[in-house]
Each structure stands twice: as structure tokens, then as C-alpha cells.
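So the chains spell out like this:
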Amino acid sequence: MSNIAGILAAYQLAIFSQAKVEDGKVVWDKDRANKINESFPDVPPAEIASLKGKEVVILGAGEVGSSAARMAALMGAEKVTVTDINPEVIAKRKEEFKDLQQVEFVNPQTQDAEFVATLKQAQGIIAGVYRKGSLAPRLITEELLKKIGGAKIMVDVSIDQGGNIAGSRATTHNDPVFLDEYGNIRYCVANMPALVGYQASLALEEVTLPYTLALTKGRRQAVKEYPELLTGINVVDGYLTQ
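By convention here, each chain's residues receive numbers from 1 onward along its written sequence. For a predicted model such as this one, the threshold for reporting local features is a pLDDT of at least 70, and the threshold for listing and counting side-chain atom pairs is 80 or more; totals across whole chains, interfaces and linings nevertheless cover every residue. Side-chain measures here rest on the full set of heavy atoms in the structure, leaving out hydrogens and waters.

This paragraph deals with the pattern of salt bridges. A pairing counts as a salt bridge when a side-chain nitrogen of Lys or Arg comes within 4 Å of a carboxyl oxygen of Asp or Glu. All chains considered together, the criterion is met by 7 salt bridges. A salt bridge links Lys-98 to Glu-95; the nearest nitrogen and oxygen atoms lie 2.7 Å apart. By relative accessible area, which is 56% here, Lys-98 ends up exposed. For Arg-186, the salt bridge goes to Asp-180, with nearest N and O atoms at 2.8 Å. The class of Arg-186 is buried, set by a relative accessible area of 2%. Connected through salt bridges with shared partners, the residues Glu-63, Arg-93 and Glu-96 form a single ionic network. Throughout, exposure labels follow a simple rule: accessible area from a 1.4 Å probe, protein chains only, divided by the maximum for the residue type, with under 20% read as buried, over 50% as exposed, and the rest as partly exposed.

Laid out in C-alpha cells, this is it:
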């Protein structure tokens, strides 16, 4: 699901980069938006919509961030800056993305001034940093929002855990965006994969079916085949295991 959310986040940058603001409201071509979203995953990125000439910042190099970065690059973004504070993750992603020269990975903790400048320059920001069992970290504070200016497209994928960007609030597929006080268009839909429910269901089935089939052989055999199932067993023979 994270992979799908990341791809769709890049789609939203392309969709809402063409939006207009009229009387304080965001106006966009909903038919075009539907066509772009419905193209997932069968249409080559270059044929979906263009991010040509755009600079994009992506917070987090996990599954959401890396998927969003690759899609943004393939859609023609001029520069894609992905941030992460884990050096091992950065090294891994740099190797994976060596074929995409416009994508760079940086640690914002060691490049604070440059990071703020990059945020100012960007036309689009995707935030996808989660914290297991807790609220998402607030990576763009109110103070930082004031520094980086407005008129950006911001996709806060982590909104289901509260969001990475100050002022984010959950939106819906029927009403996906709002205009914040700085003039940024905010997309904060909590369940992005529902945009492509059929394809998302197929992806989930592909991942979970092997476990389901293993469980039909009994608990012990299933755990032998997939030891990771142990973390999901809560009760055995009437006893709590956690």
C-alpha cells in the first residue's frame, strides 16, 4: 500500500500543479484528474502527466518516499530531493536510484540551511514519514512554513498519523484539497490507495495469499514456512503470547 500511495502522491503533484485558485478556492479539472488516477498502473509515466521543469522535495526515503521519487522523476521533474536521517537508508537508495540523475538523497540534519533553501525553491512537497505506534513527526513546522513561502503543492501522505506538515488536516476523495493561509494547495487524503481500489486489492492479495495458503496447512507448518507469522500470533491453546 505504501508503494501505491507514493506513486499516487506524485500523480497529485501533476494534477494540482495545473489547478487555479479562484475566490480563495482551489479549482481543477476533475475529469483530467480522474483519467490520471485511473491510468495506474498500466500507462507509462511520461504519458500520464508532466512534472517537467518542476522541483520536488520528498520527506522520507521509505517505501512511500522512494516510490514517489521514482514516479516524479519518470514524469519529468527537473530535480527531486529526498530527505532521510538514516545514513544506511540514504546509501541504499542512492544505489537503487543511480540510473535517475535528477534524484538526490540528503540528510536534512547535516544540511539544514541547504534544506530550507531547497524547500523554498520546490514547487511540490510530498511528506511520507511514519513513526511506528505513534504520531507522525512534525517535519515542517509553522515556523518553517513561514520561511519557505507559499504557492506550493503539498501532499501529506502521513495524515492518517497526524501529518508531517503543520496545519495538515484530513481531507476526502470527494474534497481532496484545501488552500492554507500561505497559499499552498494541501492534499491530505488519509486513504490514498482507495483511489485505485481494484488495483490496490490485487496488490494486497498478491502479498497476503501465500500466508493464507500456508495457514490452511495448520499453524505449526505455516510458522515453519513463514517465521514472521509468529509476530502476529496473540493466543495459542488459550494462552496469551504477547
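Moving on: the sheet that holds strand S8 (residues 177-179). The strands making up a sheet associate through backbone hydrogen bonding, with each pair oriented either parallel or antiparallel. Pairs of strands are assigned from DSSP output, requiring at least two bridges between the strands. By the criteria applied, helices consist of DSSP H or I runs no shorter than four residues and strands consist of E runs no shorter than two, each listed in order from the N terminus. As summarised here, the arrangement of the 7 strands in space is S5-S4-S3-S6-S7-S9-S8, forming an open sheet in which the pairing is mixed. Strands at the two margins of the open sheet, each flanked by one partner only, are strand S5 (103-106) and S8. Across this sheet, the average inter-strand angle for adjacent strands is 20°, counted without regard to direction. The sheet contact formed by strand S3 (residues 55-59) and strand S4 (residues 79-83) spans 5 bridges and is parallel. Across the sheet, residue Leu-59 finds its bridge partner in S4, namely Thr-83. Note on definitions: a residue-residue contact is assigned when non-hydrogen atoms from the two residues lie within 4.5 Å. Axis geometry follows a simple rule: fit a line to the C-alpha atoms, using only the stretch in contact for helices, then measure angles between N-to-C directions, giving values from 0 to 180 degrees. The sheet strands contacting helix H4 (residues 63-74) are S3, S4, S5 and strand S6 (124-127), and the helix crosses S4 at an angle near 175°.

A few words on the environment of Leu-144. Counting through the fold element by element, Leu-144 comes out in helix H7 (residues 142-148). We classify Leu-144 as buried; its relative accessible area is 11%. In sequence terms Leu-144 and Met-75 are 69 residues apart; their C-alpha atoms lie 28 Å from each other. Excluding residues within four positions of it along the chain, Leu-144 makes contact with Val-116, Leu-119 and Leu-139.

Further remarks concern the nonpolar core. Membership of the largest hydrophobic core comes to 49 residues, with the highest contact counts inside it found for Tyr-11, Phe-16, Met-75 and Val-103. Elements with a contribution of two residues or more to this core: helix H1 (2-16), helix H2 (30-38), S3, H4, S4, S5, strand S7 (153-156) and strand S9 (185-187). If you tally residues by element for this core, the top one is H1, at 11 residues. If we ignore the near neighbours within four places in the chain, the residues touching Phe-16 are Val-26, Trp-28, Ile-153, Pro-176, Val-177, Ile-185 and Tyr-187. Nonpolar cores were defined as sets of buried Ala, Val, Leu, Ile, Met, Phe, Trp, Tyr and Cys residues, with membership established by side-chain atoms within 4.5 Å.

Another point: the pairing of S4. With 4 of its 5 residues buried, S4 lies for the most part within the structure. The crossover handedness rule: strands pointing away from the viewer, path from first strand over the helix to second strand clockwise, crossover right-handed. Where the polypeptide runs from S3 across H4 and back to S4, its parallel neighbour, the crossover connection is right-handed. As judged from the 4 bridges shared by S4 and S5, these two strands associate in the parallel manner. Residue pairing for S5: Thr-83 is matched across the bridge by Val-106. Read as a crossover between parallel neighbours, the route from S4 over helix H5 (residues 87-96) to S5 is right-handed.

The topology assignment puts Ser-66 in helix H4. Contacts of Ser-66, omitting those with residues within four sequence positions, involve Gly-60, Ala-61, Arg-93 and Phe-97.

Burial in helix H6 (residues 112-121) covers these residues: Phe-115, Val-116, Thr-118 and Leu-119. End-on view of H6: buried residues confined to an arc of 160°, all on one side of the axis. Residues of H6 that are buried sit in contact with S3, S4, S6 and H7. Picture the helix axis, draw a direction to every C-beta atom, and the arc is the one those directions span.

The next subject is H4. The end-to-end C-alpha distance of H4, which contains 12 residues, comes to 17 Å, matching closely the 16 Å that a straight helix rising 1.5 Å per residue would cover. Within H4, 9 of the 12 residues are buried, which leaves the element mostly enclosed by the surrounding structure. Turning to H4, its buried residues number three or more, namely Val-64, Gly-65, Ser-66, Ser-67, Ala-68, Ala-69, Met-71, Ala-72 and Ala-73. Remark: Gly-76 follows H4 within two positions and exhibits a positive phi of approximately 100°. Expected span, for any helix, means 1.5 Å times one less than how many residues it has.

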